[in-house]
Amino acid sequence: MKQRVLVVDDEKGIREALRQLLEYEEMEVQTCASGADAVKLYPEFRPHVVLLDVKMQGRDGLATLRDLRALDRQAQVVMISGHGTIQTAVEATQLGAYDFLEKPLDTDRVLLTLRNALQHVDLASENVRLRDEVRSQHEIVGSSPAIAHVIERLERVAPTSARVLITGENGTGKELVARAIHALSPRAAHAFVEVNCAAIPGELIESELFGHVKGSFTGAFADRAGKFELADGGTLFLDEIGDMSLAAQAKVLRALEDGVVSRVGSEKGLGVDVRVIAATNKDLVGEIAAGRFREDLLYRLNVVPIEVPPLRARRGDIPQLVEHFARQLTRPAGLQHKPFDKDALARLAAHDWPGNIRELRNAVERLLILASGASITAADVERLAGVEAPDLALGTGAAAPWIRATTFEEFKQAAERAFLHAKLREHDWNVSETARTLDMPRSNLYKKIERYQLAREVP
């Protein structure tokens, strides 16, 4: 793709000379003689770089620069002037100009400046792409009421400085919630530092969190900053806080109360400005009763609680999650993208997923790699992902869906699903007859059929 350059100068000779030079360098060039014309042409042409004269009839170059930057905050503009002053150059730079060239123009200088500006454009585009990729990696996917409640709460707490305690089973996405809070907070430009308290031995957790000085213990060969210091100005995510030792809990409590940390082996206090977000899969009230967690620390951490629901409580999100993971996995890994059949999605949505989102993602990756057909079928899901066909019949056997319900709302949904299934079978899957029996508009019954993934069984 050719690089596009817009030349704006009220001298025809300058415009034509630059056009000839840049077209020889195989760039696509448009020219105009006024700032007003440049502002009109910019959205249509979308140049990578603008060469803009400072002194022009009517609207001058600095005013035009303001207009272009208002249209596009990423606009790369190189100013040109035959009457350049330091004051003009400084003002142009403050308004966002990339560089400043003086007339008479030197061909080599023009080309060098353009190449540098174009490299800057490529780097900015790459940064945007990488940010989007990182954002997609940590995107919270789903539209169910359960996940909508989580998103609503994190969006409300993120702009504040309040501490947050995130609870939920393993694999539900507690880290994603923590990262989303950080990304939406005023601290987003600063560090997000994560500590897995369960993965660090008890004797090392204090050094990991608060740092140490040389010689403070065997193996401390140099001074080292702790995670609190590294997160200064940003967010510290204490994952699996329920596994932290009582001694480390006492020091964390002191750091939260005073905003000061001390490295192991040092009496010197260091002030830190850190927002702490904690997460756990344990019942901390039960841990307090067992003497394994400090009650005063829970009160410090649990300013705003967020409970992340298990996947079985948000089955309606599973098709969206499957599509999200399929796109995510086929981009960098080079896997072939394969659509999931309706029956395959229904089978995945009916499964309990004890490992939650992490287990579902692994299953999607396995299916993309091992399924041999052009699409992924229910048979593939059963054979490769180990997901058996659900028993939808009424009863109290081990496979009865309400037996696995963990909340009253989930129990009601499972019972309604089984009831509708039985009624449809009773009327030989005749939707009209079933709707009349239930005294329900047919459109409402269709919505429920879709909601509970029963559509595949209706002839």
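Shown above is the structure to which this text applies.
Counting restarts for each chain: residues are numbered from 1 in the order of the written sequence. In keeping with the predicted nature of the model, local features appear solely for residues at pLDDT of at least 70, side-chain atom pairs appear and are counted solely at 80 or more, and the whole-chain, interface and lining totals rest on all residues. Side-chain metrics in this entry use all non-hydrogen atoms of the structure; hydrogen atoms and water are not considered.

Peer 1: Would you take a moment to explain the overall build of the chain for this structure?
Peer 2: Think of it this way: any DSSP run of H or I at least four residues long counts as a helix, any run of E at least two long counts as a strand, and we number them from the N terminus. When helices and strands are tallied, the chain shows 19 helices and 14 strands. Any residue under 20% of the maximum accessible area for its type is buried, any over 50% is exposed, and the rest in between are partly exposed; the area is computed with a 1.4 Å probe on protein chains only. Within the span of the chain, comprising 459 residues, buried residues form 44% of the whole. At a minimum sequence separation of 6, the contacts of the chain that also span at least 24 residues come to 69%. The method behind every accessible area is Shrake-Rupley, applied with a 1.4 Å probe, and residues are considered shielded solely by the protein chains displayed. Of the roughly 23,600 Å² of accessible surface on the chain, 50% is carried by carbon and sulfur atoms. By definition, residues are in contact when any of their heavy atoms lie within 4.5 Å.

Peer 1: Would you take a moment to explain the sheet that holds strand S2 (residues 28-32) for this structure?
Peer 2: Sheet strands pair via backbone hydrogen bonds, and the direction of the pair is either parallel or antiparallel. Taken in spatial order, the five strands line up as S2-S1-S3-S4-S5 in an open sheet, and their pairing is parallel. Each edge of the sheet is formed by a strand with only one pairing partner; in this case those strands are S2 and strand S5 (99-102). In this sheet, neighbouring strand axes are inclined to one another by 20° on average, regardless of whether the strands run parallel or antiparallel. In short, DSSP must find at least two bridges between two strands for them to pair. In this sheet, S2 lies alongside strand S1 (residues 4-8) in parallel orientation, the contact comprising five bridges. Looking at S2, one finds that Val-8 is bridged to Cys-32. In this analysis, axes come from line fits to C-alpha atoms, helices being fitted only over the stretch in contact, and the angle between any two N-to-C directions falls in the range 0 to 180 degrees.

Peer 1: Got a minute to help me understand the packing of helix H6 (residues 145-157) against helix H7 (residues 174-183) in this structure?
Peer 2: Two measures define how a pair of helices packs: the angle their axes make with one another and the distance between the axes. Where H6 contacts H7, the axes come no closer than 9 Å and their chain directions differ by 35°. Two packed elements cross with a definite hand, and for H6 against H7 that hand is right-handed. Facing Val-150, Leu-154 and Val-157 of H6, the residues of H7 in contact are Val-177, Ala-180 and Ile-181. Residues of the contact of H6 with H7, tallied by class, amount to six nonpolar, no polar and no charged. Crossing chirality is assigned from the near helix's rotation relative to the far helix, an anticlockwise turn below a right angle marking it left-handed and a clockwise turn marking it right-handed. Just so you know the grouping, Ala, Val, Leu, Ile, Met, Phe, Trp, Tyr, Cys and Pro go in nonpolar, Asp, Glu, Lys and Arg go in charged, and all remaining residues, Gly too, go in polar.

Peer 1: Help me out: how do you make sense of the sheet that holds strand S7 (residues 192-196) in this one?
Peer 2: What the five strands build is an open sheet, ordered S7-S10-S13-S6-S14; its pairing is parallel. Edge positions in the open sheet fall to S7 and strand S14 (304-307), since each of these has one partner strand only. Neighbour to neighbour, the strand axes of the sheet diverge by 20° on average, direction disregarded. Strand direction decides the pairing type here: S7 and strand S10 (residues 235-239), joined by five bridges, are parallel. Across the sheet, the residue bridging to Glu-194 is Phe-237, located in S10.

Peer 1: Which parts of the structure should I look at to understand the pattern of salt bridges?
Peer 2: A side chain with one charge may pair with a side chain of the opposite charge, provided their charged atoms come close. Counted as salt bridges are all cases of a side-chain nitrogen of Lys or Arg within 4 Å of a carboxyl oxygen of Asp or Glu. Under the defined criterion, the tally for this structure stands at 28 salt bridges. Among the salt bridges present, the one from Glu-287 reaches Arg-292, with a minimum N-O distance of 2.9 Å. With relative accessibility at 10%, the residue Glu-287 sits in the buried group. The partner of Arg-383 in a salt bridge is Asp-380, with the nearest N and O atoms 3.2 Å apart. In this pair, Arg-383 and Asp-380 both sit in helix H16 (residues 378-384), three residues apart, roughly one turn of the helix. Salt bridges sharing common partners tie together Asp-9, Glu-11, Asp-53 and Lys-103.

Peer 1: How should the pairing of S10 be read in this particular structure?
Peer 2: Each regular strand displays side chains that alternate between the two surfaces of the sheet. With respect to burial, S10 is a largely interior element, five of its five residues being buried. Side chains Thr-235, Phe-237 and Asp-239 project from S10 onto one buried face, and the interleaved Leu-236 and Leu-238 project onto a second face that is buried too. Both S10 and strand S13 (residues 275-280) contribute to a ladder of four bridges, which runs parallel. Along S13, the bridge assignment pairs Leu-236 with Val-276.

Peer 1: In this structure, what is going on with helix H15 (residues 356-370)? I would like to understand it.
Peer 2: Given 3.6 residues per helical turn, the α-helix brings residues three or four places apart onto the same face. Between its terminal C-alpha atoms H15 stretches 21 Å, which fits the 21 Å expected from 15 residues at 1.5 Å a residue. All buried positions along H15 are accounted for by Asn-356, Ile-357, Leu-360, Ala-363, Val-364, Leu-367 and Leu-368. End-on view of H15: buried residues confined to an arc of 135°, all on one side of the axis. On its buried face, H15 sits against helix H13 (318-330) and H16. Each helix should span, by expectation, one fewer than its residue count multiplied by 1.5 Å. Arc, as used here, means the arc of the directions from the helix axis to the C-beta atoms.

Peer 1: Would you mind showing me how to read unusual backbone geometry here?
Peer 2: Working note: non-glycine residues mostly have negative phi, and peptide bonds are mostly trans. Of the consecutive residues Lys-103 and Pro-104, the connecting peptide bond is found in the cis state with omega at -5°. Residue position: Pro-104 is located in the loop between S5 and helix H5 (107-137). The phi dihedral of Arg-46 is positive, around 50°, even though this residue is not glycine. Position of Arg-46 relative to the elements: it lies in the loop between helix H2 (35-45) and strand S3 (49-53). Residue class for Arg-46 comes out partly exposed when judged on its relative accessible area of 40%. Positioned with a positive phi, Asp-439 is a non-glycine residue whose angle comes to about 55°. Looking at where Asp-439 falls in the secondary structure, it is placed in the loop between helix H18 (431-437) and helix H19 (442-451).

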